[in-house]
Amino acid sequence: MHTRGQCYEEYEETARWLLDHADQRPDVAIICGSGLGNLADLLSDKTVFPYKDIPHFPISTVPGHAGQLVFGKLQGRDCVCMQGRFHFYESSNISMVTFPVRIFFLLGVKTLIVTNAAGALNDSYNTGDIMTIKDHINLPGFAGVNSLCGQNDDRFGVRFPSMSDAYDSDLRALVKQAAEELGFESVLREGVYCMVAGPTYETVAECKILQLLGADAVGMSTVPEVVVASHCGLRVLGLSLITNKVVKDYDSGEKVNHDEVLRTTQRRTQDLQKLVSTLITRI
Ligand code: HPA
């Protein structure tokens with residue numbers, strides 16, 4: 001098992017290397033979810049670092065995830081964009097998943113925008129909807145897999161951080177406003193995201209439990225990064241693209257699959273791009 005990302009000096013080394021090699025000084029970071037990596041295409045004056053070239057940086061293995069850190073300007077604002085994120089199921093090493101977030105913090109980032117692909121648990125949601133995350137359920141956390149387990153480093157944050165306000169309410173209000181201006185109100189939702197470890201999609205019985213728990217959407221990412229971002233005081237905005245409905249009926253004959261997820265992201269990615277670039281100047 002890797003120990004990557006577990007000592008402060010490693011984080012510092014990576015951050016210093018990036019500050020030495022990039023001209024931009026971003027205060028906003030964007031993590032692009034499955035199939036949503038082309039959000040990085042919006043950036044101008046880009047400096048691109050493949051993850052494999054960045055000291056101590058993990059490497060992403062999932063199709064639909066490019067694996068590079070892109071610095072640049074979005075609407076004139078310095079940003080850094082993770083094109084390709086890490087999932088717990090890739091390595092079972094949660095500190096690999098959250099490593100980049102602490103790097104963002106050390107780079108001086110103040111706001112983190114996280115996007116993901118998610119399955120709809122809420123019956124009123126449609127494929128293609130965009131859900132602002134208002135709260136999450138850290139299901140792996142219930143089972144002892146929390147990204148803050150292990151020794152706490154006070155230079156990042158406190159031992160027992162509150163998570164009740166992890167998703168910034170002002171940023172959520174900005175999304176609503178921007179969506180109205182763009183004419184997206186009919187596809188905009190606000191709800192609770194539940195993280196499962198994956199890589200299996202949920203069984204019918206599991207979907208029923210998640211609905212009972214109060215989750216509106218389910219996915220295999222985001223929560224570890226948000227926990228670490230909130231721990232070190234970053235403001236967080238989470239956006240889920242609803243790529244599919246979960247299977248809740250044994251007789252439906254339907255199955256969720258990654259191709260369907262990627263097809264929906266391709267269909268909706270431009271609208272998500274518009275939303276993020278409208279927001280960025282107002283954050
Ligand atoms: N379940 C879990 N993760 C997902 C799904 C889903 O239905 N869709 C996209 N990511």
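Note that the coordinates shown come from a computational prediction; the quantities given were computed from them, not determined experimentally. (Residues numbered from 1 in each chain as written. Predicted model: local features only at pLDDT ≥ 70, side-chain atom pairs only at ≥ 80, totals over all residues. Heavy atoms only, no water.)

Quick notes on the overall build of the protein
- For the protein, the count of helices and strands is 8 helices and 9 strands.
- Based on the C-alpha atoms only, the size of the protein along its principal axes is roughly 55 × 40 × 35 Å.
- The 283 residues of the protein split such that 57% are buried.
- A separation threshold of at least 6 residues defines the contact pool for the protein, and within that pool the share at least 24 residues apart is 82%.
- Of the roughly 12,000 Å² that the protein leaves accessible, carbon and sulfur atoms contribute 48%.
- Distance between charge centres in the protein, computed from 26 positive and 34 negative side chains, equals 2 Å. (Helix = DSSP H or I, 4+ residues; strand = E, 2+ residues; numbered from the N terminus. Buried < 20%, exposed > 50% of the residue type's maximum accessible area, 1.4 Å probe, protein only. Contact = heavy atoms within 4.5 Å. Areas by Shrake-Rupley, 256 points an atom, 1.4 Å probe, with all protein chains shown as cover. Lys, Arg positive; Asp, Glu negative; His and termini not counted. Charge placed at Lys NZ, Arg CZ, Asp CG, Glu CD.)

Details of helix α8 (residues 258-280)
- Of all bends in α8, the biggest is about 50°, found at arginine 268.
- The N-terminus of α8 is capped by asparagine 257, whose side-chain oxygen sits 3.0 Å from the backbone nitrogen of aspartate 259. (Bend = angle between axes of the 7 residues up to and from the residue. Polar contact = N/O pair within 3.5 Å; in protein donor to acceptor, adjacent residues only side chain to side chain.)

A closer look at the pairing of strand β4 (residues 77-83)
- For β4, the buried fraction is high: 7 of the 7 residues fall into the buried class.
- Neither face of β4 is exposed, since Arg77, Cys79, Cys81 and Gln83 on one face and Asp78, Val80 and Met82 on the opposite face are all buried.
- Here strand β3 (residues 68-74) pairs with β4 via 7 bridges, running antiparallel. For phenylalanine 71, the partnering residue across the bridge sits in β4 and is valine 80.
- Hairpin connection from β3 to β4: 2 residues lie between these consecutive antiparallel strands, with glutamine 75 at a positive phi of about 55°. (Pairing = 2+ DSSP bridges.)

Notes on the site of the ligand
- The environment of the ligand is formed by Ala117, Ala118, Gly119, Tyr201, Glu202, Val218, Gly219, Met220, Thr243, Asn244, Val246 and Val261.
- The contact in question runs from a nitrogen atom of the ligand to an N or O atom on the backbone of glycine 119, over 3.3 Å.
- Calculation on the ligand without its partners gives an accessible area of 260 Å², and the protein chains cover 96% of this total.
- It is strand β5 (residues 111-120) that provides the largest number of residues to the shell around the ligand, a total of 3 residues.
- In terms of residue class, the shell around the ligand is built from 7 nonpolar, 4 polar and 1 charged. (Near = heavy atom within 4 Å. Nonpolar A, V, L, I, M, F, W, Y, C, P; charged D, E, K, R; others polar.)

Regarding unusual backbone geometry
- With an omega of 0°, the peptide bond running from glycine 198 to proline 199 counts as cis.
- Inspection of the secondary structure puts proline 199 in the loop between β7 (188-195) and α6 (204-213).
- One non-glycine residue with positive phi stands out, namely threonine 222, at about 70°.
- The residue threonine 222 is located in the loop between β8 (217-219) and α7 (223-231) in this model.
- Looking at threonine 222, the relative accessible area reads 0%, which means it is buried.

A short note on helix α1 (residues 8-21)
- Its 14 residues place the ends of α1 20 Å apart at the C-alpha level, agreeing with the 20 Å of an ideal helix rising 1.5 Å per residue.
- For α1, the complete set of buried residues consists of Tyr8, Tyr11, Thr14, Ala15 and Leu18. Projection of α1 onto a plane perpendicular to its axis shows the buried side chains occupying an angular sector of 130°, all on one side.
- Along its buried surface, α1 packs onto β2 (44-50), β3 and α3 (94-107). (Expected span 1.5 Å × (residues − 1). Arc of directions from axis to C-beta.)

Quick notes on the packing of aromatic side chains
- Overall, the coordinates contain 10 aromatic pairs when judged by the stated rule.
- The interplanar angle of 90° and the centroid separation of 5.6 Å between the aromatic rings of phenylalanine 49 and phenylalanine 71 together place this pair among those described as edge-to-face. With phenylalanine 49 in strand β2 and phenylalanine 71 in strand β3, this residue pair connects regions lying 22 residues apart in the sequence. Just as phenylalanine 49 is buried, phenylalanine 71 falls in that class too.
- Within the aromatic cluster, the residues linked to one another by ring pairs are Tyr8, Tyr11, Tyr51, Phe57, Phe86, Phe99, Phe105 and Phe156.
- Lying over the aromatic face of phenylalanine 156, arginine 102 brings its terminal NZ or CZ to 4.2 Å of the ring centre.
- Its end group placed over the ring of tyrosine 8, arginine 155 keeps NZ or CZ at 3.9 Å from the ring centre. (Phe/Tyr/Trp six-rings, centres within 6.5 Å; stacked < 30°, edge-to-face > 60°. Lys NZ or Arg CZ within 6 Å of the ring centre and 35° of its normal.)

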